[in-house]
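# Survey of secondary and tertiary structure
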Amino acid sequence: MKDRALVLGGGGVAGIAWITGLLFGLSEHGVDSRTADLIVGTSAGSAVAAQLSSGLSLKDLFDRQVDPARQTRELTPNAQLFELFERALLIANSLPDRADHIRQIGRWALEAPTVTEAERRAVIAERLPSHAWPNSMLLIVAVDTETGETKIFDRLSGTTLVDAVSASCAVPGIWPPVTIDGRRYMDGGARSSDNADLALGYARTLIVSPMGTARPEITGESLEQQVETLRNAGGKTYLVEPDQASKNAIGLNPLAPETRTPAATAGRRQGHGIAKDIAFFRSPSK
C-alpha cells in the first residue's frame, strides 16, 4: 500500500479559506499536510492543493486569506445565476441515468450567461503564487461538459496548472467552462464534491471537506460511501468537516469573497482542536 493521501474538497472561496486555515492550524501542531504522497484537489480544493506546492509557507498562505491587503482579487457571481442553477439541477435530478444527469448539467454550464473565460482565468492565476506543477503527485479533477466523463489533470497531462485549476473550479452555471485542447471542462464537483475514492490504495488518508456529509452529492457516491470504500480497502481514513463555528463563518454563500477572513480564522481554530486526533497523518520523520 502507498502511504499518505490528502483529499481536498470543494466549497467556494470560503472553502479555500477554511481549508487553508485548517491546514495551517494542523501544521502548528506538527501535522504538515504538504508532504503527503498524493494530493487530490477538487474545485476549491484544487486551488489549495496548487497553493501548497507554491513554495510559500502555510503561514504565508493563511495570511493571504485573512489579511485584506494580501487577499487576491475575486469576482462576485450574479445572484440570479444561483436561481437559474437551482432550476437546472431540478431538471437534471429528474433524469434517472447518472451519465445523462451530468451531461444535462454540462449543457447548462455551456449555456449560462457567465463572465468570460479570460476574466475568470485571470482570477485563478492571481490565486496561485506559482504556476508550475509540482514534482509530487497532484491530481486535479474536472468533468467534460459534453460527455460527462471525468478528467484528471496532473503534471504529465500537458495542461497548465492555471488551466487545470480553472477547470476544476468552473462551477456549472456560475463560472464559465474552461477550454483545454478543444474540450470544455467544468467543476470536478459534478462528479463528486471531494472525489475521495481517488485515494484508494493509500494507507493513511486525510479528507478535508468544506461541504461535508450534510450536503448530498449532485451525481455520484456520497462522501460516506467513499470513506467506507477507503476503509474497507484497509486504509486508515479521517474525515474533517466544518464544525459549527466554521459553518457559521462560511455562511450561506461560500462564493462571497467577504467570507475569507472569518472562514480561515475558524479553520485554524478547528485545526488546533483536532490535531491530536490526526497525529496518525504526521510524516514518518515527525
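Right above here is the structure, for reference.
Anyway, here's the lowdown on the structure attached to this text. (Residues numbered from 1 in each chain as written. Predicted model: local features only at pLDDT ≥ 70, side-chain atom pairs only at ≥ 80, totals over all residues. Heavy atoms only, no water.)

Moving on, we get to the overall build of the protein chain. Assigned secondary structure in the protein chain consists of 10 helices and eight strands. A compact globule built from 286 residues would reach a C-alpha radius of gyration of about 19 Å, and the protein chain, at 17 Å, matches this within 12%. For the protein chain, the spread of C-alpha atoms along the principal axes amounts to about 50 × 45 × 40 Å. A total of 286 residues make up the protein chain; the buried ones form 55% of that total. When the accessible surface of the protein chain is split by element, carbon and sulfur atoms take 50% of a total near 11,900 Å². (Helix = DSSP H or I, 4+ residues; strand = E, 2+ residues; numbered from the N terminus. Rg over C-alpha atoms; globule rule 2.2 N^0.38 Å. Buried < 20%, exposed > 50% of the residue type's maximum accessible area, 1.4 Å probe, protein only. Areas by Shrake-Rupley, 256 points an atom, 1.4 Å probe, with all protein chains shown as cover.)

Before going further, it helps to spend a moment on the nonpolar core. Counting 53 residues, the largest nonpolar core has Leu-8 and Leu-23 as the members making the most contacts within it. When residues of this core are assigned to their parent elements, the largest contribution, nine residues, is made by helix H1 (residues 12-27). Discounting chain neighbours no more than four positions away, the residues touching Leu-8 are Ile-19, Leu-23, Ile-39, Val-40, Gly-41, Thr-42, Gly-45, Val-48, Ala-49, Leu-52 and Val-208. If you look at the next biggest cluster of nonpolar residues, it comprises 13 residues, including Val-7, Leu-139, Val-141 and Tyr-202. (Core = buried A, V, L, I, M, F, W, Y, C linked by side-chain atoms within 4.5 Å. Contact = heavy atoms within 4.5 Å.)

Here we come to the pattern of salt bridges. Summed over the entire model, instances satisfying the criterion amount to 14 salt bridges. In this structure, the salt-bridge partner of Asp-32 is Arg-34, at a minimum N-O distance of 3.0 Å. A salt bridge links Asp-63 to Lys-59, with the nearest nitrogen and oxygen atoms 2.7 Å apart. With a gap of four residues between them, Asp-63 and Lys-59 both fall in helix H3 (residues 58-66), about one helical turn apart. Among the residues examined, Asp-63 registers a relative accessible area of 16% and is labelled buried. (Salt bridge = Lys/Arg side-chain N within 4 Å of Asp/Glu carboxyl O.)

Let's shift gears to helix H6 (residues 117-127). Every buried residue of H6 is listed here: Arg-120, Val-123, Ile-124, Ala-125 and Arg-127. Tucked inside the fold, the buried residues of H6 contact H1, helix H2 (44-52), H3 and helix H7 (161-168).

Turning to the packing of aromatic side chains, a few remarks are in order. A complete count under the given rule lists three aromatic pairs for this structure. Arranged with centres 6.1 Å apart and planes meeting at 70°, the rings of Phe-280 and Phe-281 form a pair that is edge-to-face. You can call Phe-281 buried: its relative accessible area is 0%. Positioned over the ring face of Phe-281 is Arg-4, at 4.8 Å from the centre of the ring. Its end group placed over the ring of Phe-62, Arg-268 keeps NZ or CZ at 5.2 Å from the ring centre. (Phe/Tyr/Trp six-rings, centres within 6.5 Å; stacked < 30°, edge-to-face > 60°. Lys NZ or Arg CZ within 6 Å of the ring centre and 35° of its normal.)

The next subject is the packing of H1 against H3. Where H1 meets H3, the closest approach of the two axes is 9 Å, and the angle between their N-to-C directions is 145°. Between H1 and H3 lies a crossing of left-handed hand. Listed contacts from H3 to Ile-16, Ala-17, Thr-20, Gly-21, Leu-23, Phe-24 and Ser-27 of H1 are Leu-58, Lys-59, Leu-61, Phe-62 and Gln-65. Of the residues in the contact of H1 with H3, the class split is seven nonpolar, four polar and one charged. (Axes fitted to C-alpha atoms, helices over the stretch in contact; angles between N-to-C directions. Left-handed = near helix turned anticlockwise from the far one by under 90°. Nonpolar A, V, L, I, M, F, W, Y, C, P; charged D, E, K, R; others polar.)

This brings us to the environment of Ala-275. Take Ala-275: it is sitting in the segment after helix H10 (260-274). Residue class for Ala-275 comes out buried when judged on its relative accessible area of 3%. Distance from Ala-275 to Val-31, taken between C-alpha atoms, is 7.2 Å for residues 244 residues apart in sequence.

Most of strand E7 (residues 202-208) is tucked away: six of the seven residues are buried. Pairing between strand E1 (residues 2-8) and E7: six bridges, direction parallel. Each residue of the ladder has a partner; that of Ala-5, found in E7, is Thr-205. Pairing between E7 and strand E8 (residues 236-240): five bridges, direction parallel. Residue pairing in the sheet places Leu-206 in a bridge with Tyr-238 of E8. (Pairing = 2+ DSSP bridges.)

Here Arg-127 lies in helix H6. Accessibility expressed as a relative area gives 6% for Arg-127, which makes it buried. Residues contacting Arg-127, with those up to four places away along its chain left out, are Val-13, Ile-16, Ala-47, Gln-51, Arg-64, Thr-72, Glu-74, Arg-120 and Cys-169.

For H1, which comprises 16 residues, the first-to-last C-alpha distance of 23 Å matches the rise-based estimate of 22 Å (1.5 Å per residue) to within 8%. Burial runs high along H1: 15 of the 16 residues are buried. (Expected span 1.5 Å × (residues − 1).)

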